[in-house]
Amino acid sequence: MTLNTLLDHPWFHTWVAALIAIVAAGIAHRIAQAVLVRVTRPMPALQSAVRTARAAAAFVLPLLALQAVWQAAPDDLHFIGRVRHLNGLALIACATWLVVSVIRGFADGLIAAHPVDVADNMNARRIHTQTRVIARTTMVIVGIIGAAMMLMTFPGARQVGASLLASAGVIGIVGGLAAKPVFSNLIAGLQIALTQPIRIDDVLIVDGEWGRVEEITGTYVVLRIWDERRLIIPLNYFIENTFQNWTRNSAQLLGSVYFHVDYGMPLAPLRAALERVVKAAPEWDGRFFNLVVTDATERTMQIRVLCTAASSGQAWDLRCRVREGLIDYMQREHPQHLPRLRIEGEKDAGTAPPATAAAA
């Protein structure tokens, strides 16, 4: 192909314009990237979004410039319609990728700015929960919108949509029933993000299982059980059922210990032993402790010990420490007052036997 032939080719000027557009878009991307990184430096969440969207933006700007070139090209160019369509599909796909990347980067930056590995992490856990749920829901919606926009570029897809709308009576019912779990979980996720019945790292009791909220996705919650098992629970469960949240407003808990002793057990030494055990325990937060008799049966009396801790894990350890300490104290100092079953009735010391009284 000679130079004259190349210059006379119908696509020559369009190719040159496309090459210039790609180079200009690349330069603009580098400049915009550097400026945005510098401008958003005081804002970690926005800077994270800019850095995460860097790869997607590197495709969106050249495709946008090329689309402008194809639209300005003469309509009688061979294959120009297909080129415009393919470039449009790629542009929609990359624009969807860009929006999803911005959302993901902003969410990651916001989460990183609020670590949960601190003493008072209530606000951080609230932000983590809201950010993750809302970000994932928004990314799903953006993905659906992007796919719908790509389908709408095909004339056949519009005809299929019109025919589906014409028979929407049966299809709508079937589709609604099939999509009910998906939409119920989606709505439940938004409710959880806004009303905050649970948060990341909350301590829950669900169906008798104790665990911490490890992850909240768009459809389910992962509960890390104390023995390292994972309980997978649908989101709508937390909207439709009751459960216990031990860290709803504060991580502080009031732990209780129950045990039974004989009626002969003196309470004052037991309270003194409890004070020594609790004050020596590193899990006790210094707020409160006490010992009271809460019940009395025909054989024993029930003792209840209350003590406070800064978190549920420390409350569990404190309860075990108190239980072991008091049992050890009673075994050493008052073994005769441990729970026992009397076989013989004890004689009243103030009443003399009949034979002795007659002899006197």
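Check the entry above for the structure.
For clarity, every value in this text was computed on a predicted model and none was experimentally measured.

Caption draft 1: Quick peek at a positive patch on the surface. A cluster of basic side chains, namely R38, R41, R51 and R54, defines a positive patch on the protein surface. Take R54: it is sitting in helix α4 (residues 54-72).

Caption draft 2: Expanded view of the packing of helix α10 (residues 267-280) against helix α11 (residues 312-333). Following both chains from N to C, one finds α10 and α11 inclined at 135°, their axes separated by 10 Å at the closest point. It follows that α10 is oblique to α11 by the angle criterion. Crossing hand, α10 versus α11: right-handed. Contacts from P269, L270, A273, L274, R276, V277 and V278 in α10 reach R321, V322, G325, L326, Y329 and M330 in α11. Split by residue class, the contact of α10 with α11 holds ten nonpolar, one polar and two charged.

Caption draft 3: Representation of the sheet that holds strand β2 (residues 209-216) within the structure. Here we have five strands laid out as an open sheet, ordered β4-β3-β2-β1-β5, and antiparallel in their pairing. Edge positions in the open sheet fall to β4 (230-234) and β5 (244-245), since each of these has one partner strand only. Bridge analysis of β2 against strand β3 (residues 220-225) gives five bridges, and the strand direction is antiparallel. Counterpart to V213 in the pairing with β3 is L223.

About the thresholds
- Residues numbered from 1 in each chain as written.
- Predicted model: local features only at pLDDT ≥ 70, side-chain atom pairs only at ≥ 80, totals over all residues.
- Heavy atoms only, no water.
- Patch = residues over 30% accessible without salt bridge, like charges linked within 9 Å, V, L, I, M, F, W, Y side chains within 5 Å.
- Areas by Shrake-Rupley, 256 points an atom, 1.4 Å probe, with all protein chains shown as cover.
- Salt bridge = Lys/Arg side-chain N within 4 Å of Asp/Glu carboxyl O.
- Lys, Arg positive; Asp, Glu negative; His and termini not counted.
- Charge placed at Lys NZ, Arg CZ, Asp CG, Glu CD.
- Helix = DSSP H or I, 4+ residues; strand = E, 2+ residues; numbered from the N terminus.
- Axes fitted to C-alpha atoms, helices over the stretch in contact; angles between N-to-C directions.
- Parallel < 35°, antiparallel > 145°, perpendicular 65-115°, else oblique.
- Left-handed = near helix turned anticlockwise from the far one by under 90°.
- Contact = heavy atoms within 4.5 Å.
- Nonpolar A, V, L, I, M, F, W, Y, C, P; charged D, E, K, R; others polar.
- Pairing = 2+ DSSP bridges.

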